[in-house]
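Observations on chain architecture
One letter stands for each residue in the lines below.
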Amino acid sequence: MAKKEELDEESREFIQWCIEVEGFLVAGGATVREAQDHIEEQIDWFADQFCAALTPEEAAREALA
């Protein structure tokens, strides 16, 4: 049986941040699926926004612009 891999704190924070971004994308008119697909397709861009300390709302606003 494989041991469940633990995520480091930064990875957990990034995942939570992306979940929050998804909510703002949906509030901006995307479906949940569209928001999830966009985050997955643009994960490097979103990681850059996370590292630049943008809030989830700011990142979603940039993504929708």
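1. With respect to the nonpolar core
Counting residues in hydrophobic clusters, the biggest one holds 12 residues: Phe14, Trp17, Cys18, Val21, Leu25, Ala30, Ala35, Ile39, Phe46, Phe50, Ala59 and Ala60. Elements with a contribution of two residues or more to this core: α1 (9–27), α2 (32–41), α3 (43–51) and α4 (56–64). No other element matches α1, which puts 5 residues into this core.

2. Regarding the packing of α1 against α3
With their axes 11 Å apart at the nearest point, α1 and α3 run at an angle of 105° to one another. By the criterion of interaxial angle, the relationship of α1 to α3 is roughly perpendicular. Between α1 and α3, the residues in contact are Glu10, Glu13, Phe14, Trp17, Cys18 and Val21 and Ile43, Phe46, Ala47, Gln49 and Phe50, respectively.

3. Observations concerning the side chain of Gln49
Along the chain, Gln49 falls in helix α3. Residues in contact with Gln49, not counting those within four places in the same chain, are Trp17, Leu54 and Ala59.

4. Concerning α1
Helix length check: α1, at 19 residues, gives a terminal C-alpha distance of 27 Å against a target of 27 Å (1.5 Å per residue), a fit within 8%. Buried within α1 we find Phe14, Trp17, Cys18, Val21, Glu22 and Leu25. Buried residues along α1 cover an arc of 155° about the axis, so they all sit on one side. Those residues of α1 that are buried are in contact with α2, α3 and α4. Among the residues of α1, the N-terminal cap falls to Asp8, whose side-chain oxygen and the backbone nitrogen of Glu10 are separated by 3.1 Å.

5. What to know about the side chain of Glu22
Structurally, Glu22 is set in helix α1. Look at Glu22: it is buried, it has no salt bridge, and the nearest opposite charge is Arg33 at 8.2 Å. The contact partners of Glu22, leaving out residues within four places of it in the chain, are Val32, Ala35, Gln36 and Ile39.

6. Some points on the pattern of salt bridges
Taken as a whole and judged by the stated rule, the model has 3 salt bridges. For Glu9, the salt bridge is made with Arg12, and the minimal N-O distance between the two is 2.6 Å. Taken together, the residues Glu9 and Arg12, both in helix α1 and 3 residues apart, mark about one turn of the helix. Taking relative accessible area as the criterion, Arg12 reaches 40% and is therefore assigned partly exposed. With a shortest N-O distance of 3.9 Å, Arg33 and Glu40 are connected by a salt bridge. In the salt-bridge network here, residues are joined through shared partners; they are Arg33, Asp37 and Glu40.

What counts and how
- Per-chain numbering applies: the sequence of each chain, read as written, is numbered from 1 onward.
- The predicted origin of the model limits local features to residues at a pLDDT of at least 70 and limits the giving and counting of side-chain atom pairs to 80 or more, whereas totals for whole chains, interfaces and linings rest on all residues.
- For the side-chain quantities, the full set of heavy atoms in the structure was used; hydrogens and water were omitted.
- Nonpolar cores were defined as sets of buried Ala, Val, Leu, Ile, Met, Phe, Trp, Tyr and Cys residues, with membership established by side-chain atoms within 4.5 Å.
- Only protein chains enter the calculation, and the probe is 1.4 Å; a residue is then buried if its accessible area is under 20% of its type maximum, exposed if over 50%, and partly exposed in between.
- Here a helix means four or more residues in a row that DSSP labels H or I, a strand means two or more in a row labelled E, and each is numbered from the N terminus.
- In this analysis an axis means a line fitted to C-alpha atoms, helices contributing only their contacting stretch, and an angle means the value between N-to-C directions, from 0 to 180 degrees.
- For classification purposes, angles smaller than 35 degrees are called roughly parallel, those larger than 145 roughly antiparallel, those between 65 and 115 roughly perpendicular, and all remaining angles oblique.
- Only heavy atoms enter the contact rule, under which two residues are in contact if any of them lie within 4.5 Å.
- Here, expected helix span is obtained from the residue count minus one, scaled by 1.5 Å.
- Arc, as used here, means the arc of the directions from the helix axis to the C-beta atoms.
- Any N or O atom pair separated by 3.5 Å or less is treated as a polar contact, with the protein-specific requirement of one donor-capable and one acceptor-capable atom, and with residues adjacent in sequence counted only for side-chain atom pairs.
- Counted as positive: Lys and Arg. Counted as negative: Asp and Glu. His and the chain ends are not counted at all.
- Salt bridges are defined by distance alone: a side-chain nitrogen of Lys or Arg within 4 Å of a carboxyl oxygen of Asp or Glu.

On their own, these measurements won't tell you what the molecule is for.
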